[in-house]
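Remarks on the overall topology
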Amino acid sequence: MKMNMLKEKMIAVMNEIDFSGNVLVKCRNDLLYHSSNGFANRTHRILNNDLTRFGIASGCKIFTAVAVCQLVEKGQLSFESKLSDILDIPLPLFDKDITIHHLLTHSAGIPDYFDEEVMDDFAELWVNQPMYLMRNGRDFLPLFQDEAMKLKVGERFHYNNAGYILLGLVVEQLSGHGFDEYVTENIFKRAGMEQSGYFELDALPSNTALGYIDEENGKWKSNIYSVPVKGGADGGAFVTVEDMHRFWQALMKFELLSEAMTKQLLTPYIHTDNHFDRFYGYGVWIDTKEDNIFKYHVMGYDPGVSFHSAYYPESGMVSVVCSNKSEGAFDVFKEIEKR
């Protein structure tokens, strides 16, 4: 698809869904498409711009996985290390055979504080649990640490935010640094992601989009009371579209991990969906076509946040779609894939 045709199709779909956010498409380093739409702040009518930061919800689980892989490379743990041998936190009903690999691939079978198989409204979590108190991984522990196992260890894929909370605590314990500090120093800075970070909603830096929840009656509200006040290992980082492109480039050029470890991160370990050729590696979704890797991708959804980004190994194309609305990123993302 020629660039002008891609632009026309993108504008059409974004107008149809009233898209708010930023989009970046590059093939290797050639710019194919870049746009900013909607308001970063609706009250003050501040438009999104090229350098606006957006929350990406669970899209940053891959940062957690990279952090864990870095510690494995340093010899501080292995993928077969048992959680019970590493973490000095009481988890009385958890199986003692849970490994780091199980947590990375969502196959540990542990209970989740937000189980997407039975829950559909993330905002409901914070009705009785003040979201403004949720500022680090340990704050989430009372929501799941005393619950019984949901499945047997390794039984099947069960997307699990609590598992990544635990991985973040492992990173903190072994590195001696706060999780956000570790990721900033060892991932963001190494990848040149100068605008990215784990920011607090009550202390957002300039040029950061507020998330918005549109209601059926035409009214809207911001998401500041619908998500944890600060993100962590299971989600909630803020990035620019260009920084996310830099991340993919650094990862695929083996600037964050060795070539061998990068291949381990990107291995399709577990089948995630009976209806699609979709697998999960370490912190990353992997789609295949005829036994070949079609794309590596990450995604994230929270109230007021929708995000999709992918790397296509055959062409070297990277797409990044960040939105500060609860929906919209997927529609734009799929239009890009039609090119």
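The coordinates are above.
What comes next concerns the included structure.

Basis of the calculations
- Residues numbered from 1 in each chain as written.
- Predicted model: local features only at pLDDT ≥ 70, side-chain atom pairs only at ≥ 80, totals over all residues.
- Heavy atoms only, no water.
- Buried < 20%, exposed > 50% of the residue type's maximum accessible area, 1.4 Å probe, protein only.
- Helix = DSSP H or I, 4+ residues; strand = E, 2+ residues; numbered from the N terminus.
- Pairing = 2+ DSSP bridges.
- Contact = heavy atoms within 4.5 Å.
- Salt bridge = Lys/Arg side-chain N within 4 Å of Asp/Glu carboxyl O.
- Phe/Tyr/Trp six-rings, centres within 6.5 Å; stacked < 30°, edge-to-face > 60°.
- Lys NZ or Arg CZ within 6 Å of the ring centre and 35° of its normal.
- Arc of directions from axis to C-beta.
- Core = buried A, V, L, I, M, F, W, Y, C linked by side-chain atoms within 4.5 Å.

Concerning the pairing of strand β14 (residues 317-323)
Here β14 lies mainly inside the structure; seven of its seven residues are buried. Residue alternation in β14 divides its side chains into two sets, M317, S319, V321 and S323 and V318, V320 and C322, and both sets are buried. Both strand β1 (residues 21-27) and β14 contribute to a ladder of seven bridges, which runs antiparallel. Its bridge partner lying in β14, C27 is registered against M317. Examined bridge by bridge, strand β13 (residues 305-312) and β14 share seven bridges and lie antiparallel to one another. Of the residues in β14, the one forming a bridge with Y312 is M317. The hairpin turn running from β13 into β14, its antiparallel successor, is four residues long, and G316 in that turn takes a positive phi close to 80°.

Notes on the sheet that holds strand β11 (residues 285-289)
Pairing within the open sheet is antiparallel, and its eight strands lie in the order β2-β1-β14-β13-β12-β11-β10-β9. In the strand order of this sheet, the two ends are held by β2 (30-37) and β9 (270-271), each with one partner. Bridging between strand β12 (residues 292-302) and β13 involves seven bridges; their strand directions are antiparallel. Residue pairing in the sheet places H297 in a bridge with A310 of β13.

A word on the side chain of Q145
Locating Q145 in the fold gives a position in the loop between α4 (100-104) and α5 (161-175). According to the relative accessible area criterion, Q145 is buried, its value standing at 13%. In contact with Q145, not counting residues within four places along its chain, are I89, P90, L91, P92 and F94.

Details of the pattern of salt bridges
Opposite charge on two side chains lets them pair, provided their charged atoms get close. Throughout the structure, instances matching the rule amount to 17 salt bridges. Of the charged contacts, one joins K230 and D180 as a salt bridge, the two residues approaching to 2.8 Å between their closest N and O atoms. Residue K230 is located in the loop between β7 (220-222) and β8 (238-239), and its partner D180 is located in helix α6 (residues 179-191); the two are separated by 50 residues in the primary sequence. Classification of D180 as partly exposed rests on a relative accessible area of 23%. Linked by salt bridges that have partners in common, R278, D287, K295, K334 and E337 make up one network.

Some thoughts on the pairing of β12
Where β11 and β12 come together, five bridges link them in antiparallel fashion. Residue D287 lies in a different strand from β12, and its bridge partner there is K295. Hairpin connection, β11 to β12: the antiparallel pair is bridged by two residues, and E290 has positive phi, about 55°. A loop of two residues connects β12 with β13, the two strands running antiparallel in sequence, and G304 in this loop sits at a positive phi of about 80°.

Some words on the packing of aromatic side chains
Under the criterion given, the structure shown has 16 aromatic pairs. Arranged with centres 5.7 Å apart and planes meeting at 50°, the rings of F157 and Y280 form a pair that is tilted. Separated by 123 residues along the polypeptide, F157 in the loop between α4 and α5 and Y280 in strand β10 (residues 278-280) bring together distant segments of the chain. Seen from their ring centres, W248 and Y311 are 6.3 Å apart, and the 25° between their planes marks the pair as stacked. Taken together, the positions of W248 in helix α7 (residues 241-252) and Y311 in strand β13 put the pair 63 residues apart, joining distant regions of the chain. Comparing W248 with Y311 shows no difference in burial state: the two are buried. Members of the aromatic cluster, connected to one another through ring pairs, are F63, F179, F188, Y198, F247, W248 and Y311. When the ring centre of F294 is taken as origin, the NZ or CZ atom of K289, which lies over that ring, is 4.1 Å away.

Notes on unusual backbone geometry
For D18, which is not glycine, the phi torsion reads 55° and is therefore positive. With respect to the helices and strands, the residue D18 is situated in the loop between α1 (3-17) and β1.

Topic: helix α9 (residues 329-337)
Burial in α9 covers these residues: A329, V332, F333, E335 and I336. For α9, the arc enclosing every buried residue in end-on projection is 160°, short of the 170-degree limit, so these residues lie on one face.

Some thoughts on the nonpolar core
F63, L166, F247 and W248 are the most contacted members of the largest nonpolar core, which has 80 residues in total. Tallying contributions element by element places helix α2 (residues 61-73) first for this core, with nine residues. By size, the runner-up hydrophobic cluster in this structure holds 17 residues, among which are V13, M317, V321 and F333.

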